[in-house]
Amino acid sequence: HRDLHRLIRRQRQMCIRDSLDTEGIVARRATQRAEDSDIARLKKLVSEAESLLANPNADFNDYSKLDREFHLALAAAARNRLYESVLRIVHENMSRYFEKHLEWHNERFPELYRDILDMVNAVERRDGERAFSLANGHIEKFFRYVNADD
C-alpha cells in the first residue's frame, strides 16, 4: 500500500506541475485571442461560482465541476486545441484524485472564487501578465492544499 500511495502521490504532483506550466500560458493567450463570446462564457461561470458561494449545501464536487469547466473555457478562449486537450486530460485526472482523496474545506471557496473572478477580469482587460500570474497562483494553491491534506 505504501508503494501505491507514493506512486499516486507522484502522479498527482506531476499532473499538477504540468498544469502549472500550461495554465499560465493558456491564460496569457486567452487575453490575446478571446472573443466577446468567450468572455461572456467565462463571466457566466464566475456567476455560477458566486451562486455556489451562497449555497450552504455546495460541496467539493460542485466546485470541482465548475473549476474544470472554467479552465477548459479559458483554454478554448486561447484558441489552441493542443492546450485544450492537455488541460482536459490534466483536469480529468486531478478531479478523479481530488474526489477520492482530498478532504475539501468549504472555507476555500471564497479564495478560489476570487481567483477565477480576477482571471476573467484580466482576460477582459487583455492583461496577459496578470492572467499568467493569477492562473499559476491558482494552481499553486491547489498544490498546497493537496500537500496539506495528505
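Keep in mind that this is a model prediction, so the values were computed, not measured.

Chemist: I'd like a description of helix α5 (residues 109-125), backed by residues and values.
Modeler: Over its 17 residues, α5 extends 24 Å from the first C-alpha to the last, a length consistent with the 24 Å expected when each residue adds 1.5 Å. By the burial criterion, the buried members of α5 are Phe109, Leu112, Tyr113, Asp115, Ile116, Met119, Val120, Ala122 and Val123. Where α5 ends, the next residue or the one after it, Arg126, has phi of about 65°, a positive value.

Chemist: Requested: an account of the confidence of the model for the chain, with residues and values cited.
Modeler: Mean pLDDT over the chain: 83, with 75% of residues reaching 70 or higher. Taken element by element, the predicted model of the chain shows its lowest mean pLDDT in helix α4 (residues 81-101) (74) and its highest in helix α2 (residues 36-54) (95).

Chemist: Give me the packing of aromatic side chains: which residues, what numbers.
Modeler: By the definition in use, this model includes 0 aromatic pairs. The lysine or arginine in question, Arg28, covers the ring of Phe132, its NZ or CZ lying 4.2 Å from the ring centre.

Chemist: Which residues make up the nonpolar core, and what values do they have?
Modeler: Core analysis: the biggest nonpolar cluster contains 34 residues, and Phe70, Leu74 and Ile116 have the highest contact counts within it. Of all the secondary-structure elements, those providing two or more residues to this core are α1 (2-33), α2, α3 (60-77), α4, α5 and α6 (128-149). In contact with Leu74, other than residues within four places in its own chain, are Val26, Ala27, Ala30, Leu42, Met119 and Val123.

Chemist: Residues and numbers for the pattern of salt bridges, please.
Modeler: Enumeration according to the criterion identifies 10 salt bridges in this entry. Arg79 is the salt-bridge partner of Asp38, the closest N and O atoms lying 2.7 Å from each other. Residue Asp38 is found in helix α2, and its partner Arg79 is found in the loop between α3 and α4; the two are separated by 41 residues along the sequence. The exposure class assigned to Asp38 is buried, which follows from its relative accessible area of 12%. For Glu124, the salt bridge goes to Lys43, with nearest N and O atoms at 2.7 Å. Remark: Lys43 occurs in helix α2 and Glu124 occurs in helix α5; sequence separation between them is 81 residues.

Reading the values: rules and limits
Residues numbered from 1 in each chain as written. Predicted model: local features only at pLDDT ≥ 70, side-chain atom pairs only at ≥ 80, totals over all residues. Heavy atoms only, no water. Helix = DSSP H or I, 4+ residues; strand = E, 2+ residues; numbered from the N terminus. Expected span 1.5 Å × (residues − 1). Buried < 20%, exposed > 50% of the residue type's maximum accessible area, 1.4 Å probe, protein only. pLDDT = per-residue confidence, 0-100. Phe/Tyr/Trp six-rings, centres within 6.5 Å; stacked < 30°, edge-to-face > 60°. Lys NZ or Arg CZ within 6 Å of the ring centre and 35° of its normal. Core = buried A, V, L, I, M, F, W, Y, C linked by side-chain atoms within 4.5 Å. Contact = heavy atoms within 4.5 Å. Salt bridge = Lys/Arg side-chain N within 4 Å of Asp/Glu carboxyl O.

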